[in-house]
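Spelled out from the first residue to the last, the chains are:
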Amino acid sequence: MPRYKRLVDNIFPEDPEVRSDSFCSFSNTSSCSLFILKVRKPFFCLVHYKNDFFFLPLSGQFVKFANIEEDTPSYHRSYDFFVSRFSEMCHSGYEDPDIRTKIRMAGIKGLQGVVRKTVNDELQANIWDPQHMDKIVPSLLFNLQSGERTESRSPSPLQASEKEKESPVELTERCFRELLGRAAYGNIKNAVTPVLMHLDNHSLWEGKTFAVRCFKIIMYSIQSQHSHLVIQQLLGHLDANSKNSATVRAGIVEVLLEAAAIAASGSVGPTVLEVFNTLLRQLRLSVDYELTGSYDGSTNIGTKIIKAHEERQLQEAVIRTIGSFANTLPTYQRSEVMLFIMGKIPVPGIHLTLPSSDSGPEGTRMIQVMLLKSLVQVTAGFQTTNMLTALPSSFLEPLLSFSLTEDPEVRLLVLQILLSLIDRHDNRPKFANMSSISDISVLKLKVDKCSRQDNLFMKKHGQQLYRHIYLGCKEESSGRQHYETLFALLGLLSVELANEEVVVDLIRLALALQDLALSTDEALPVYNRCAVHALVAAYLNLICQLTTVPAFCQHIHEVIEVRQKESPYLLPEAVFVENPKLSSSLDKVEGDVLFLQSKITESLGGSGYNTERLATPYVPQYTDEDRLSKRKSIGETISLQVEVESRNSPEKEERTPAEEITFETLKNAIVDSVGMEEQERERRRQVVEKFQKAPFEEIAAHCGARATQLQSKLNQIFEITIRPPPSPSGTISSGYGQSQSRSVPIYEMKFPDLCVY
C-alpha cells in the first residue's frame, strides 16, 4: 500500500465510509501531495503540504453543485458540516500568504455555495438560524476587514469577470451582498445581529470607517422595504450601549446617520416618533454625563471618567442624525416630529419637562439648546402650502416664548427655526447680507401672491410675530447675528406672507423700532441703538422697492443718502462689520436722517394703502408670557401657590365711587405697576428659594397649612350657599332673648300634603 494511503488510514481508521481506495492522487510532487476524498461529502480534497494535512474544497465543484436546480427537495441532506468547515477556512492563518489566500477564498466560495443551495430550499430554511449566521457573517466580516478600503462600492457593483483576479475582499463583499439580498423580512434580524456583535467584540465602532462601510453594504443590498428593520436594530443597539464610552455611541450614531441617508423616503417605518424618542433620550443622557462626569452620577474611585469634548461630539452627531432622519419624512410627519420635539423642551411658563436630578439648571439650559438645535435640523428645507396646519398654535406659541428669554443663544436658534419655517422659495440666503442697495432686483427674489391660507395665518399669528421681533430688538444681549437674522425674518415675511395689511403693519413696526432706538428710557447700549437704526434703514429700503410706490421709495432713498454723508453709523454697511464705526453719542440723531411717519403715510395713501392704520403708531402689547419667559432658570418657573383671599360678603358689599382719571392718575398707575412688578418678582424669588433650599418637612407643613386654609374657606362658602331653610315649626329662643331660626335636616321637615308628590 502506498505511503500516502497508509497516512490517510491512520487519520481515518474508524470511519467505514472512508477506505484507502477511496482516494485517488490528484497531484503528487516532492513538496505537495493533493488527494480527492470521495466520501459522503464529496467536494473536499486532502492536501499534504510540508508535513501538514488540511482540506480544500475542489478548482469550483461545490459551487457548480450549488447552482444545480433540483426538481425534488432533499429530505436527508444537511449542510451544517459545510458551514462549520468553510467558516474555519475563512479564518485560516496559514503561514504562507499565497496558500492562506487560496484557503480563505475557497472558504468564501464555499459559504457562497451553501447560501445559494439552501436559501431557496424550504426544507433548508434553518440556514438563517443564529447558529449558522453566527458563523457565516463573522467569517465574511473578518475577510472584509482584512483588506479594508476607504469607500464602499456602488449600490449595484459590476460583476467581476472570470478572468479577472479577484481578491478575498472583493469576493467577500460580493458574497455578503448576495447573502443580504436573499434575506426575507423575517431573516433581517438574524443577518444583522452578528454584524453588531462583531463590531462590538473587535471595538470597531470607534474607528467608524469599517462600521459605516459594513452598513452601507447592508443598506444597499437588502430590499428597500426592509430598511427600517436595520434602523430599528441600530437604535436598539444604541440603547443597549447607553453607558458605553462616547466614542462607541458616536460610532453607532454615525452609522445611523449614513443609514438614514441611504434609506428611501418613508423607510423609517411605522414607529417614526420612537426613532426620534430614542435619539432625544441619548442626547439627554449625554448632557447628564457631561455635567456629572460619570455614567452613574457618582464620583467614586474606579468610576469611568467622562471626557466632555467626546460627549459634545456625540451630541453634535445625534443632532445631525435627527436632521438626516427628518429629511426622509413627508411634510405631515415632519410636522409631527416638530411637535414631538417641542413637547420635550422645558418651556418657561407653559409646561415643564424636568431634567434629571443630576444635571440641575445648567443641564436644563443645555437640553433646551440641544433640542432647539435638533429643531433647526428638522425644519431645514421644510416646505408647506398651508402654514396654519403645518404650524399650529401648540407649536408656534411655545417656540415664540423662547425668543423672549435672556439667553442669546436660545433666541438665535428660535429665529433660525422661524426662518426655515417661513422660507418656502429659497429666499433666505439672499437676505444673508444686510445692506441698503438701491436696486434689489440683483437679489433675484422669488415673490408669489399671498394665498388665502397665508392670509389666515398672518391674521391669526401676525401680531405675535411683530411683538417678538420688536422685543428681540430691545434685548441688550442681542449681537450682530441676532439683528441680521431679524432682518432676514422681516424680509421673508415681506416676500412670503405679505398682503397690503401685512405690509402696513410691517412698516409701522419698522417705525416703532426707530422710535425704540431714539428713546433714552430703554438704556440700550450704543451698538444696539445703531444696529436697530441700521436694521430699520435696510428693511425700509427693501419694502419700499417691493411696494414699487415712487414717492415712498424717494423718501427712503433721500434719508439713506443723508445718512451716508452725515451719519454712516446708522446704516448697515458701517454697523454690521467686524470693526463697526459707531458714534460716541446718539443724542443728535434727528431731522433729515430719520424716516418720517407722516411722509410715508402720505406717499402710501395715494396708492390705496390704509392711511388711518399707517398713522397709528405701533405699540406692542405686553403679556404674562413676556414676564414668564424672562426666567433665567427652570427653577424659577416652579411656583406652587394657591392663594385664597377673603372677599367682602355679598351682604356687606359696598360700591366705591368712580375715581376721576387724570394724567397724574395714569402716571402714578404706571409708577405703581413698576413697583408692584418689582415686589412680585422679589416675592416669587423668595418662594423659589424657599422651595429649593428649605427642608422637606417645612415645605410639607407649609403646603398642609395652605390646604387647611383652603378647606376652611370652602366650608364657609358651602355654609353660605347651601344652608337649609328655616324649619316650618317656627323659631327657638336664644339665651340672650333673641329669636334664632332652627335648622333641621330636610328629611325631618313636615310639609303639607299638597306639596308632597
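Scope of this entry: the structure provided in the associated data block. Every value quoted in this text rests on a predicted model; they were computed, and no experiment measured them.

## A few points about helix α8 (residues 209-221)
Now for step 1: With 13 residues, α8 ought to run about 18 Å at 1.5 Å a step, and its terminal C-alpha atoms sit 18 Å apart, in line with that.
Now for step 2: Here α8 lies mainly inside the structure; 10 of its 13 residues are buried.
Now for step 3: Three or more residues of α8 are buried, namely F210, A211, V212, R213, C214, F215, I217, I218, M219 and S221.
Now for step 4: Tucked inside the fold, the buried residues of α8 contact α5 (130-146), α6 (168-181), α7 (188-201), α9 (227-240) and α10 (246-262).

## A look at the nonpolar core
One broad trend across soluble globular proteins is that nonpolar side chains are buried collectively.
Now for step 1: If you look at the biggest cluster of nonpolar residues, it comprises 181 residues, and the most contacted ones within it are F176, W205, F215, I507 and F595.
Now for step 2: A total of 14 residues in this core trace back to one element, the largest contributor, which is helix α21 (residues 526-547).
Now for step 3: Among all residues touching F595, those that are not within four sequence positions of it are L511, Q514, V536, A537, L540, H555, I556, V559, I560, R563 and I600.

## Side note on the side chain of S139
Now for step 1: Considering the arrangement of structural elements, one finds S139 in helix α5.
Now for step 2: Owing to a relative accessible area of 0%, S139 belongs among the buried residues under this scheme.
Now for step 3: Those residues within four positions of S139 in sequence are excluded, and the remaining contacts are S87, C90, H91 and L111.

## Re the pattern of salt bridges
Now for step 1: Following the criterion strictly, the structure yields 18 salt bridges and no others.
Now for step 2: Between R281 and D239 there is a salt bridge whose closest N-O contact spans 2.8 Å. On the criterion of sequence distance, the pair formed by R281 in helix α11 (residues 272-292) and D239 in helix α9 is long-range, its members being 42 residues apart.
Now for step 3: Between R480 and E484 there is a salt bridge whose closest N-O contact spans 2.9 Å.

## Considering α21
Now for step 1: With 22 residues, α21 extends 32 Å between its outermost C-alpha atoms, agreeing within 8% with the 32 Å of an ideal straight helix rising 1.5 Å per residue.
Now for step 2: Of all 22 residues in α21, 20 are buried, a share of seventy percent or more.
Now for step 3: Positive phi appears at T548, one or two residues downstream of α21, with a value of about 55°.

## Structural notes on unusual backbone geometry
Excluding glycine, most residues fall at negative phi; most peptide bonds, likewise, are trans.
Now for step 1: In this structure, D426 takes a positive phi of about 55° despite not being glycine.
Now for step 2: Inspection of the secondary structure assignment puts D426 in the loop between α17 (408-422) and α18 (452-473).
Now for step 3: One non-glycine residue, T548, lies in positive phi territory at about 55°.
Now for step 4: Mapped onto the elements, T548 comes out in the loop between α21 and α22 (550-566).

## A few points about the state of the cysteines
Now for step 1: By the definition in use, this model includes 0 disulfides.
Now for step 2: Left without a disulfide partner, C175 is nearest to the cysteine sulfur of C90, which lies 7.9 Å away.
Now for step 3: Given the relative accessible area of 3%, C175 is considered buried.

Procedures and definitions
Residues numbered from 1 in each chain as written. Predicted model: local features only at pLDDT ≥ 70, side-chain atom pairs only at ≥ 80, totals over all residues. Heavy atoms only, no water. Helix = DSSP H or I, 4+ residues; strand = E, 2+ residues; numbered from the N terminus. Expected span 1.5 Å × (residues − 1). Buried < 20%, exposed > 50% of the residue type's maximum accessible area, 1.4 Å probe, protein only. Contact = heavy atoms within 4.5 Å. Core = buried A, V, L, I, M, F, W, Y, C linked by side-chain atoms within 4.5 Å. Salt bridge = Lys/Arg side-chain N within 4 Å of Asp/Glu carboxyl O. Disulfide = S-S within 2.5 Å.

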